[in-house]
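# Structural features, examined
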Amino acid sequence: MTPPIEKLPTGIPGFDHISNGGLPRGRTTLVSGTAGSAKTVFATQFLAAGIQQFDEPGVFITFEETPEALRRNMVGFGWDIATWEAQGKWAFVDVSPQPEAEEIVRGEYDLGALLARITYAVGRVGAARVVLDSLGAIFARMENSQMIRSELLRIVAAMRRMGVTAILTAERTQEYGEIGRYGVEEFVTDDVVILRNPIEEEKRRRTIEILKFRGTSHQKGSFPFTVIPGSGVVVIPLSAIELKQRSSNLRISSGNDDIDRMCGGGFFRDSVILVSGATGTGKTLMATTFLASGAAQGERVLLFAFEESRDQLFRNATGWGFDFEEYEASGRMRVICNYPEAASLEDQLIIMKNELETFRPQRVAIDSLSALERVSTMKGFREFVIGLTSFIKHQEVVGLFTSTTPMLLGGSSITEAHISTITDSIILMRYVELFGEMRRGMTVLKMRGSAHDKEIREFMIDGGGLHIGKTFRTVSGILSGQFTHTTPSEIERLGNLFKDDTGV
């Protein structure tokens with residue numbers, strides 16, 4: 001019986017998941033992408049991770065950048081190539097162009113001498129991994145596609161005879177269309193990985209797709225990835241999300257007794273709560289109260305703020321009677337303030353995950369998710385929200401997200417549509433126009449696993465925080481913003497319709 005194809009773990013975060021274990025061992029994989037899609041970083045990381053994680057030496061054949069340029073460019077990712085060379089774990093085969101040398105072409109271009117150099121380098125360091133970057137520099141010297149196909153087959157066969165797992169990088173002229181510049185690359189190699197960096201809605205978004213793994217399985221579709229200084233390529237696979245998080249019956253306080261009663265006794269310990277409302281309705285105050293309640297009880301709390309500075313948040317908290325300075329000094333609070341535009345959404349997700357894993361809070365608040373909508377495409381934002389929410393739930397941390405609605409009265413936000421099915425609770429905060437005066441109303445729209453107050457209650461904000469008042473009895477249409485006022489006599493008449501003849 002023929003044994004199944006073995007996978008070689010790449011060590012690239014997230015990629016081994018979508019590839020169901022890594023690259024097929026002993027085969028050659030084509031990694032294709034346009035300029036700036038991170039082909040060279042991906043290939044270099046494949047060799048670096050082999051040395052760092054699996055003690056597998058590698059050979060890098062460079063056709064464009066000089067070895068010195070690669071050593072310098074990759075230091076920012078934490079890869080000390082020069083040291084690995086000195087240790088006999090990394091070898092360069094330098095075929096990069098020499099500007100001062102005059103190129104003389106006589107007859108057909110032959111790869112025989114190059115393959116001999118590669119074979120020698122592989123044997124010298126005992127390489128298990130090989131990278132050729134990039135094929136375009138070789139094929140540019142050849143006359144026709146038939147010659148290119150023949151020589152590419154020759155390279156693939158040579159890699160197989162050496163028993164190495166290899167990556168060949170190739171350029172594309174467009175994000176969608178032919179896989180390689182010469183139209184033959186994807187047919188000759190056994191495996192094809194495509195890196196994309198398209199611009200959509202004036203925003204760049206990197207994705208990776210495994211087009212084919214001949215004879216073995218892989219995850220289908222495109223997955224977002226990012227390139228992080230000090231780390232390299234990090235793939236973010238939504239397929240890694242599993243609905244296996246545990247559920248707790250333990251309740252915690254929101255920091256406000258009235259809101260706790262509206263929610264049936266408080267929030268569940270491992271739940272995610274969405275607080276949605278127009279600007280100025282009190283969302284940040286609710287997040288502040290939520291975090292302060294945890295810190296006051298000795299819990300670690302984490303705040304990601306994307307709309308206000310640290311000093312502004314601390315000043316406002318002081319005005320409501322909460323000492324964020326003291327909480328931070330005692331190590332119970334950590335506040336991260338960034339403009340959404342400071343990094344891509346994929347980068348933001350990695351940063352937030354790292355902070356959660358490092359600080360290990362019991363409560364986390366994000367103010368606000370809607371600020372992040374403007375730095376990504378709709379698809380990218382949805383994947384971000386799902387990935388973040390799932391991670392928080394798996395960490396068994398209670399999370400509170402705020403979201404700003406685009407309309408002052410009524411309306412819904414895009415954020416609500418994206419996470420309404422995966423969030424555990426939704427609290428809506430709305431303005432209510434009442435006889436020429438703007439008031440605020442609150443309702444618990446959803447409380448998974450618990451009974452909750454279904455009325456829309458008025459609330460006020462003052463120097464002491466947020467105070468819940470009575471139910472709006474004479475106003476309907478609050479959630480839609482289409483208000484209808486009902487007189488008390490009409491309410492009494494409608495109530496009498498449900499009484500029996502005994503008046504009960």
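Note that this is a predicted model, so its numbers are computed, not measured. (Residues numbered from 1 in each chain as written. Predicted model: local features only at pLDDT ≥ 70, side-chain atom pairs only at ≥ 80, totals over all residues. Heavy atoms only, no water.)

### Brief notes about helix α3 (residues 67-74)
Burial in α3 covers these residues: Pro67, Ala69, Leu70 and Met74. Relative to the axis of α3, the buried residues are bounded by an arc of 160° and lie together on one face. (Buried < 20%, exposed > 50% of the residue type's maximum accessible area, 1.4 Å probe, protein only. Helix = DSSP H or I, 4+ residues; strand = E, 2+ residues; numbered from the N terminus. Arc of directions from axis to C-beta.)

### Some points on the sheet that holds strand β13 (residues 232-235)
Across the sheet, nine strands lie side by side as β5-β4-β6-β7-β3-β8-β11-β12-β13; this open sheet has mixed pairing. Two strands bound the open sheet, and with one partner strand each, they are β5 (90-94) and β13. Neighbour-to-neighbour, the strand axes of this sheet turn through a mean angle of 25°, independent of strand direction. With four bridges connecting them, strand β12 (residues 222-228) and β13 associate as antiparallel partners. The residue bridging phenylalanine 225 from the neighbouring strand is valine 235, located in β13. Here helix α2 (residues 39-54) sits on the sheet in contact with β3 (28-33), β4 (58-62), β5, β6 (129-133), β7 (165-171), β8 (191-196), β11 (207-213), β12 and β13, set at roughly 165° to β6. (Pairing = 2+ DSSP bridges. Axes fitted to C-alpha atoms, helices over the stretch in contact; angles between N-to-C directions. Contact = heavy atoms within 4.5 Å.)

### What to know about the nonpolar core
Judged by nonpolar contacts, the single largest core of 36 residues is most densely connected at Ile259, Phe267, Phe324, Ile427, Met442 and Leu466. Excluding its chain neighbours within four sequence positions, the residues that come into contact with isoleucine 259 are Ser254, Met286, Ile427, Met442, Leu466 and Ile468. Membership of the second largest hydrophobic core comes to 35 residues, among which are Val31, Leu47, Phe77 and Trp79. (Core = buried A, V, L, I, M, F, W, Y, C linked by side-chain atoms within 4.5 Å.)

### Examining helix α15 (residues 378-394)
Taking 1.5 Å per residue as the helical rise, α15 with its 17 residues ought to reach 24 Å, and the 24 Å between its terminal C-alpha atoms agrees with that figure. Across the 17 residues of α15, 12 count as buried, placing the element largely inside the fold. Of the residues making up α15, those classed as buried are Gly380, Phe381, Glu383, Phe384, Val385, Gly387, Leu388, Thr389, Ser390, Phe391, Ile392 and Lys393. In the segment just after α15, glutamate 396 is the residue with positive phi, at about 55°. (Expected span 1.5 Å × (residues − 1).)

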